[in-house]
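Inside the fold
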Amino acid sequence: EAGVAQSPRYKIIEKRQSVAFWCNPISGHATLYWYQQILGQGPKLLIQFQNNGVVDDSQLPKDRFSAERLKGVDSTLKIQPAKLEDSAVYLCASSPLIEAFFGQGTRLTVV
Amino acid sequence: DQQVKQNSPSLSVQEGRISILNCDYTNSMFDYFLWYKKYPAEGPTFLISISSIKDKNEDGRFTVFLNKSAKHLSLHIVPSQPGDSAVYFCAADAGGTSYGRLTFGQGTILTVHP
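These remarks concern the structure in this document. (Residues numbered from 1 in each chain as written. Chains lettered and ligands numbered in written order. Predicted model: local features only at pLDDT ≥ 70, side-chain atom pairs only at ≥ 80, totals over all residues. Heavy atoms only, no water.)

1. Details of the nonpolar core
The biggest cluster of nonpolar side chains holds 24 residues, and the ones touching the most others in it are B:Phe33, B:Trp35, B:Leu73, B:Leu75 and B:Tyr88. Put simply, the parts of the chain that give this core at least two residues each are strand S3 (19-25), strand S4 (32-38), strand S5 (45-51), strand S7 (62-67), strand S8 (72-77), strand S9 (86-93) and strand S11 (108-113) of chain B. A per-element tally of this core places S9(B) first, with four residues. Sequence-distant contacts of B:Tyr88, defined by excluding residues within four places in its chain, comprise B:Gln6, B:Leu21, B:Trp35, B:Tyr36, B:Lys37, B:Leu47, B:Leu75, B:Ile77, B:Gly107, B:Thr108 and B:Leu110. Within the second largest apolar cluster, 21 residues are counted, among which are A:Val4, A:Phe21, A:Leu32 and A:Ala88. (Core = buried A, V, L, I, M, F, W, Y, C linked by side-chain atoms within 4.5 Å. Buried < 20%, exposed > 50% of the residue type's maximum accessible area, 1.4 Å probe, protein only. Helix = DSSP H or I, 4+ residues; strand = E, 2+ residues; numbered from the N terminus. Contact = heavy atoms within 4.5 Å.)

2. As for unusual backbone geometry
Residues and elements named next belong to chain A. A cis amide bond links Gln80 with the next residue in sequence, Pro81, at an omega value of -5°. The phi dihedral of Asn51 is positive, around 55°, even though this residue is not glycine. Even without being glycine, Lys71 reaches a positive phi, approximately 55°. Within the secondary structure, Lys71 is located in the loop between strand S7 (65-69) and strand S8 (75-79).

3. Remarks on the pairing of strand S3 (residues 19-24) of chain A
Residue and element names in this part refer to chain A. Residues of S3 alternate between two faces, with Val19, Phe21 and Cys23 buried on one and Ala20, Trp22 and Asn24 left unburied on the opposite face. Taken together, the three bridges between strand S1 (residues 5-7) and S3 define a ladder with antiparallel strand orientation. Bridge pairing links Ala5 to Asn24 in S3. Taken together, the five bridges between S3 and S8 define a ladder with antiparallel strand orientation. When the bridges of S8 are listed, Ala20 appears paired with Lys78. (Pairing = 2+ DSSP bridges.)

4. Thoughts on the environment of B:Gln2
Residues and elements named next belong to chain B. Mapped onto the fold, Gln2 is located in the segment before strand S1 (4-5). It is 10.0 Å that separates the C-alpha atoms of Gln2 and Asp24, two residues lying 22 residues apart in sequence. Within the local environment of Gln2, its side chain forms a polar contact with the backbone oxygen of Val4, the two atoms lying 3.1 Å apart. (Polar contact = N/O pair within 3.5 Å; in protein donor to acceptor, adjacent residues only side chain to side chain.)

5. Overview of the packing of aromatic side chains
Within the structure shown, the criterion is met by 13 aromatic pairs over all chains. Aromatic pair A:Tyr33 and A:Tyr35: ring centres 6.0 Å apart, planes at 40°, arrangement tilted. For A:Tyr33, a relative accessible area of 0% corresponds to the buried category. The buried category is assigned to A:Tyr35, whose relative accessible area is 0%. The interplanar angle of 70° and the centroid separation of 5.9 Å between the aromatic rings of B:Tyr36 and B:Phe46 together place this pair among those described as edge-to-face. Of this pair, B:Tyr36 sits in strand S4 while B:Phe46 sits in strand S5, and the two are ten residues apart along the sequence. You can call B:Tyr36 buried: its relative accessible area is 0%. For B:Phe46, a relative accessible area of 27% gives the class partly exposed. Here a set of aromatic residues connected by ring pairs shows up, and it is made of A:Tyr33, A:Tyr35, A:Phe102, B:Tyr36, B:Phe46, B:Phe89 and B:Phe104. (Phe/Tyr/Trp six-rings, centres within 6.5 Å; stacked < 30°, edge-to-face > 60°.)

Listed below in structure tokens is the structure:
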């Protein structure tokens, strides 16, 4: 069974630039999550989708972050404009129930 | 407010001995708990879980214990192997309308020495 695919693996951008991350979940998983993991901390949930609808985005900084899940499959997370404090690993996960299966993540460095 | 806490940033254990990783939580609405393992440059991998209706769950060398009254859970690895060296995250789910939304601890770096 193929796992959660994310791209790119690494991204370096200057502050105030834009960036987008892509995620392809495990086939058949209705629930998709985006987490942000800052160095030395545990992952923090940004947004949860059920199929193509948003279930929870209460921790998403909506002034600069946006996410969509077209057709209930792939998802993109965008940051515009980026700030230095956005430097982190962005993890996508999908789930059939409670246990989430994570991708390898995208390491974003904002300079 | 850190609702899930792993107070030990690191743990060092000799191969063959027991590793005990601890986790405390404050939210009494949490009713399902999970442990994840993370290797460098990889995403977290699900290890083992426990429902709040149980106090113990075992899977091979891994056992999770839950003490609801103390709001404490622990992961025991016996015997520890060098390949177990990784960062271990405790996570909790509140169920209900928060179903599937995991709150993670800060992680504990486990090093198993040969």
